[in-house]
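Reading the structure
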Amino acid sequence: MHDQHRAATCLDNLQRPLRDLRVSVTDRCNLRCTYCMPGEVFGREFVFLRHADLLSFEEIVRAARQCIALGVRKIRLSGGEPLLRHGIARLVEMLAGLHDSDGKPIELTMTSNGTLLAKKARALKDAGLMRLNISLDALDENIFRHMSGSSVLPGIVLEGIAAAQSVGLTPVKVNAVIKRGINESEILPLIRHFRHTGVIMRFIEYMDVGNTNGWRLDDVVTSSETLARIDHEYPLAPIGSHAQNEVAERWKFQDGGGEIGVISSVTQAFCHTCSRLRLSTDGKLYTCLFATEGVDLRAILRAQPAQSGDDAALRQRIAATWRCRTDRYSQLRHEMTEKLPGRIEMSYIGG
């Protein structure tokens, strides 16, 4: 009962409850997407974190357990590319064993680029993963290669999506970041491909994350533009949200062809309902995707042995970090004349 009370009252300065934890398990990726890890910055000479600097699976689980005690009900694994982390299915199994104060399993999901998924989908499902979000910005091979900064073909990702569906990691959500002049021509091909398949196609406005993706407002294809383009060919009807803190605006095809979503992170900020806390690859807590600094949990995790069974200091640090949170960057974006300096990269904190 004490945990239930604490979970219900861990609110930030804007009265937003802690409900979601995003865990970046690696800062490495096998793609170089232009909006996340552009190849000219993350090239051969780029220095990634040493293995010793990464949180161990046991450390991630310790941190997650305390976040759950404070109200977290959903954990999403991300990166970088999470499937590059050796033994990732073991971490999934460890996290899948966690329950909230009512005894309910934590909702456990993952975001992946899908390129390694065909061979790993079964192991992830067997370990306890519930759902997957897959990034796929184009079906056209040339556009996909340009967007991903790689020689990988989109067919590899489609194989991964099919594997996820076949083992029951459903509903699969496919995310496409739309950048003007690059891949807005792919909106309808993606829609046509995934209609009537059970896959939920979602379109994300190109965001100004990090410091290296060369973001300009002129490059943003707004959700309203995307919806108009789709609705012209396949009439849409709105669907209500599952939860108050849901970031995607949901729509269904009027002919029964399925569901799509749009994430209007630039034009319709959802800061007022944001319930997400982020744990970086090396153990820093961030309270916003657009943060400039984090709170070090790794030092506490390594100073206090897990065997002691006393994680009060860890829980207090997490609670204090959340309770003093005031972040609402996206709502303030239009009042700024320039981006905040020194922001963390999405590949390090997770999307």
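Along each chain, the written sequence defines residue order, and numbers are assigned to residues from 1. Side-chain atom pairs in this predicted model are given and counted only at pLDDT of 80 or more, local residue features only at pLDDT of at least 70, and totals for whole chains, interfaces and linings cover all residues. Only hydrogens and water are set aside when side-chain values are computed; all heavy atoms of the structure are taken into account.

1. A short note on the overall build of the chain
Note the threshold: Strands here are runs of E lasting at least two residues and helices are runs of H or I lasting at least four, both read from the DSSP assignment and numbered beginning at the N terminus. Throughout, exposure labels follow a simple rule: accessible area from a 1.4 Å probe, protein chains only, divided by the maximum for the residue type, with under 20% read as buried, over 50% as exposed, and the rest as partly exposed. Contacts between residues were defined by any pair of non-hydrogen atoms, one from each residue, lying within 4.5 Å. All accessible-area figures derive from a Shrake-Rupley calculation using a 1.4 Å probe, and residue coverage is judged against the displayed protein chains alone.
For the chain, the count of helices and strands is 12 helices and 12 strands. Residues counted as buried form 53% of the 351 residues belonging to the chain. When contacts within the chain are restricted to residue pairs at least 6 apart in sequence, long-range pairs at least 24 apart make up 73% of them. In the form shown here, the chain has an accessible surface area of approximately 15,400 Å², with 52% of it arising from carbon and sulfur atoms.

2. A short note on the nonpolar core
To keep it simple, the criterion reads: Buried Ala, Val, Leu, Ile, Met, Phe, Trp, Tyr and Cys residues that are joined via side-chain atoms within 4.5 Å together make up what is termed a nonpolar core.
Grouped together as the largest cluster of nonpolar side chains are 88 residues, with contacts concentrated most on Ile 75, Leu 77 and Phe 203. Looking at this core, the element that brings in the most residues is helix α2 (residues 57-69), giving seven residues. Those residues in contact with Phe 203 that lie beyond four places of it in its chain are Ala 176, Ile 178, Ile 187, Leu 190, Ile 191, Thr 226, Ile 230, Gly 261, Val 262 and Ile 263. The next biggest cluster of nonpolar side chains, apart from the first, holds eight residues, and it includes Val 220, Val 266, Tyr 286 and Phe 290.

3. Structural notes on the environment of Asp 137
Heads up, the condition is: Within 3.5 Å is the distance limit for a polar contact, defined as a pair of N or O atoms, with the added protein rule that one can donate a hydrogen and the other accept it, and that residues adjacent in sequence qualify only through two side-chain atoms.
For Asp 137, the position within the fold is in the loop between β4 (131-135) and α5 (141-148). It is 4.3 Å that separates the C-alpha atoms of Asp 137 and Ala 176, two residues lying 39 residues apart in sequence. The contacts of Asp 137, once residues within four sequence positions are left out, are Tyr 35, Met 147, Asn 175, Ala 176, Val 177, Asn 183, Glu 186 and Leu 190. Looking at Asp 137, its side chain comes within polar contact range of the main-chain nitrogen of Val 177, at 2.8 Å.

4. Details of the packing of aromatic side chains
As a reminder of what qualifies: Each Phe, Tyr or Trp ring (for Trp, its six-membered ring) is paired with any other whose centre lies within 6.5 Å, and the angle between the two planes then decides the class: stacked below 30 degrees, edge-to-face above 60, tilted in between. Should the NZ of a Lys or the CZ of an Arg lie within 6 Å of a ring centre and within 35 degrees of the ring normal, that charge is described as sitting over the ring.
Applying the stated criterion across every chain, the model contains three aromatic pairs. An angle of 50 degrees between the planes, with centres 4.6 Å apart, marks the rings of Phe 42 and Phe 46 as tilted. Phe 46 gets classed as partly exposed once you look at its relative accessible area, which sits at 32%. Aromatic pair Tyr 234 and Phe 253: ring centres 6.1 Å apart, planes at 75 degrees, arrangement edge-to-face. Separated by 19 residues along the polypeptide, Tyr 234 in the loop between α8 (223-233) and β7 (236-239) and Phe 253 in strand β8 (residues 249-253) bring together distant segments of the chain. Its end group placed over the ring of Phe 253, Arg 195 keeps NZ or CZ at 4.8 Å from the ring centre.

5. Regarding the sheet that holds β4
Which entries qualify depends on this criterion: We call two strands paired when DSSP finds no fewer than two bridges between them.
Read across the sheet, 12 strands follow the order β7-β8-β9-β6-β5-β4-β3-β2-β1-β10-β11-β12 without closing on themselves; strand pairing throughout is mixed. In this open sheet, the two edge strands, each paired with only one partner strand, are β7 and β12 (295-296). Looking at chain direction, strand β3 (residues 107-112) and β4 are connected through four bridges and run parallel. Considered in β4, the bridge of Thr 109 is made with Arg 131.

6. Focus on the packing of α2 against helix α3 (residues 88-96)
Helix-helix packing is described using two parameters, namely the angle between the two axes and the distance between the axes. Note the following rule: Working convention: axes come from line fits to C-alpha atoms, limited for helices to the stretch in contact. Angles between N-to-C directions cover 0 to 180 degrees. The cut-offs work like this: below 35 degrees is roughly parallel, past 145 is roughly antiparallel, 65 to 115 is roughly perpendicular, and the gaps in between are oblique. By definition, any crossing whose near helix is turned counterclockwise from its far helix by less than a right angle is left-handed, and any crossing with a clockwise turn is right-handed. Three classes are used, and their members are as follows: Ala, Val, Leu, Ile, Met, Phe, Trp, Tyr, Cys and Pro are nonpolar, Asp, Glu, Lys and Arg are charged, and the others, Gly among them, are polar.
Where α2 contacts α3, the two axes come as close as 10 Å, and the packing angle between them is 25 degrees. It follows from the interaxial angle that α2 and α3 lie roughly parallel. Here α2 and α3 pass one another in a crossing that is right-handed. Within the contact between the two elements, α2 uses Phe 57, Glu 58, Ile 60, Val 61 and Ala 64 and α3 uses Ile 88, Arg 90, Leu 91, Met 94 and Leu 95. Residues belonging to the contact of α2 with α3 are distributed by class as follows: eight nonpolar, no polar and two charged.

7. Topic: the environment of Asp 27
Within the secondary structure, Asp 27 sits in the loop between β1 (20-24) and α2. Sequence separation between Asp 27 and Glu 81 is 54 residues, and the spatial gap between their C-alpha atoms is 7.5 Å. Of note is the side chain of Asp 27, whose polar atom sits 3.0 Å from the backbone nitrogen of Leu 49.

8. Brief notes about the packing of α2 against helix α10 (residues 312-323)
Packing of α2 against α10 brings their axes to within 9 Å, and their N-to-C directions diverge by 60 degrees. As the angle between them shows, α2 and α10 are arranged oblique. The handedness of the crossing between α2 and α10 is right-handed. Packed against α2, whose contacting residues are Arg 62, Ala 63, Gln 66, Cys 67 and Ala 69, the element α10 presents Leu 314, Arg 315 and Ile 318 at the interface. Looking at the contact of α2 with α10 residue by residue, the classes come out as five nonpolar, one polar and two charged.

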